[in-house]
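# Close look at the chain arrangement
Now for the letters of each chain:
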Amino acid sequence: MPGLIGKKIGMTSVFSADGKNIPCTVIEAGPCVVTQVKTVEKDGYSAFQLGFGEAKEKNTTKALMGTFKKAGTTPKKHLAEFKFNEELNLGDTVTVEIFGDTEFVDVVGTSKGKGFQGVVKRHGFGGVGQRTHGQDDRARKPGSIGACSYPAKVFKGMRMAGHMGGDRVTTQNLRVLKIIPEHNLILVKGSVAGCNGSTVLIKK
């Protein structure tokens, strides 16, 4: 499906026509350059590779430099593939205006890393027991994690303490509130996974 690579700027709020204050996320979407055209004959599928953000030539591999030179553009920091209904040519620029007639979009981002966390913060457990009657060290523990005699094992997928965050998260059906083409900005209702300045993918 058509889309763009962008950067999360941050959150703000706008007023609707009936005076309601709506929280929204500001995303810098594009402009993206078509760096490669995938075809069924050569690659087995059809898609367009877009590049976003400037990168230093010394930090770019020779293979990628060849791709960028063929497209006639400078080295790009982020690359992603999208399928467009219309035909695009190598080196074409795709802007936020492709979302001009779009009411809802999906945004893919990487959630903030929280490190190693316990079950209360990671899964919302209520804890075990109370802090009274000599039990002052079990308040935020997970409790029992398996059966005693049968099957005498812990099932796969048991919710336990562990690494939290840093996952690829897709937020679906976010309403497009406003598009500002002159600044390459798109405002979507609600929150988007990731910290300010992180890279996101916006899809129709």
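One can find the structure itself at the top, above this paragraph.
In this text, all values refer to a predicted model and were calculated from it rather than measured experimentally.

For the protein chain, the count of helices and strands is three helices and 12 strands. The C-alpha radius of gyration of the protein chain comes to 23 Å, more than 25% above the 17 Å expected for a compact globule of 204 residues. Counting only C-alpha atoms, the protein chain reaches 70 × 50 × 30 Å along its principal axes. A burial count over the protein chain gives 34% of its 204 residues as buried. Look at the contacts in the protein chain between residues 6 or more apart in sequence, and 67% of them connect residues 24 or more apart. Just so you have it, the protein chain exposes about 12,800 Å², and 50% of that area is on carbon and sulfur atoms. Treating the 30 positive side-chain charges of the protein chain as one cloud and the 18 negative ones as another, the clouds have centres 11 Å apart.

It is worth spelling out the state of the cysteines at this point. Scanning the entire structure with this criterion turns up zero disulfides. Looking at the unpaired Cys32, the closest cysteine sulfur is the one in Cys195, lying at 19 Å.

The next subject is the sheet that holds strand β3 (residues 32-38). If you trace the four strands from one edge of the open sheet to the other, you get β5-β4-β3-β6, paired in antiparallel fashion. Lying at the two open borders of the sheet, with one neighbouring strand each, are β5 (76-82) and β6 (93-94). Pairing of β3 with strand β4 (residues 47-54) involves five bridges; the strand directions are antiparallel. Bridge pairing in β4 places Val37 opposite Phe48. Of the strands in this sheet, β3, β4 and β5 are in contact with helix α2 (residues 62-71), which crosses β3 at around 105°.

Calculation notes
Residues numbered from 1 in each chain as written. Predicted model: local features only at pLDDT ≥ 70, side-chain atom pairs only at ≥ 80, totals over all residues. Heavy atoms only, no water. Helix = DSSP H or I, 4+ residues; strand = E, 2+ residues; numbered from the N terminus. Rg over C-alpha atoms; globule rule 2.2 N^0.38 Å. Buried < 20%, exposed > 50% of the residue type's maximum accessible area, 1.4 Å probe, protein only. Contact = heavy atoms within 4.5 Å. Areas by Shrake-Rupley, 256 points an atom, 1.4 Å probe, with all protein chains shown as cover. Lys, Arg positive; Asp, Glu negative; His and termini not counted. Charge placed at Lys NZ, Arg CZ, Asp CG, Glu CD. Disulfide = S-S within 2.5 Å. Pairing = 2+ DSSP bridges. Axes fitted to C-alpha atoms, helices over the stretch in contact; angles between N-to-C directions.

These values are about where atoms sit, not about what they do.
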